[in-house]
Amino acid sequence: MADRVASKAKKPAKKLPGKSAMGAAVAATGRARTGDLEAECGRLRAELETAGKRIRALEAQQKQLLDRIDWAIDSLKSLRET
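Residues numbered from 1 in each chain as written. Predicted model: local features only at pLDDT ≥ 70, side-chain atom pairs only at ≥ 80, totals over all residues. Heavy atoms only, no water.

Engineer: Explain the pattern of salt bridges here, please?
Structural biologist: The final tally for this structure, using the stated rule, is four salt bridges. Of the charged contacts, one joins E49 and K53 as a salt bridge, the two residues approaching to 3.6 Å between their closest N and O atoms. Within this pair, E49 and its partner K53 are both found in helix α2 (residues 19-81), separated by four residues, close to a single helical turn. Since its relative accessible area comes to 49%, E49 is described here as partly exposed. The salt bridge partner of D67 is K63, with a shortest N-O separation of 3.1 Å. With D67 and K63 both in helix α2 and four residues apart, this pair spans about one turn of that helix. On the accessibility criterion, D67 (40% relative accessible area) is partly exposed. (Salt bridge = Lys/Arg side-chain N within 4 Å of Asp/Glu carboxyl O. Helix = DSSP H or I, 4+ residues; strand = E, 2+ residues; numbered from the N terminus. Buried < 20%, exposed > 50% of the residue type's maximum accessible area, 1.4 Å probe, protein only.)

Structure representation (structure tokens):
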């Protein structure tokens, strides 16, 4: 009986055809998706930087406008006092 057990060796498992190709396709899709996300991230960072510059410019413009309004109010007060 020992001879019989020794002679029964397990057969190697059959690989499904295309399974490794499917894994490679999934990996390629994942890499492509990662590349797309990195590109989108770069684009969004550039847009954020542009928006930040625009906000700073608008804040400077607003400050100048408020300074002009204050100057005009002060000028009108001094005209009224004289």
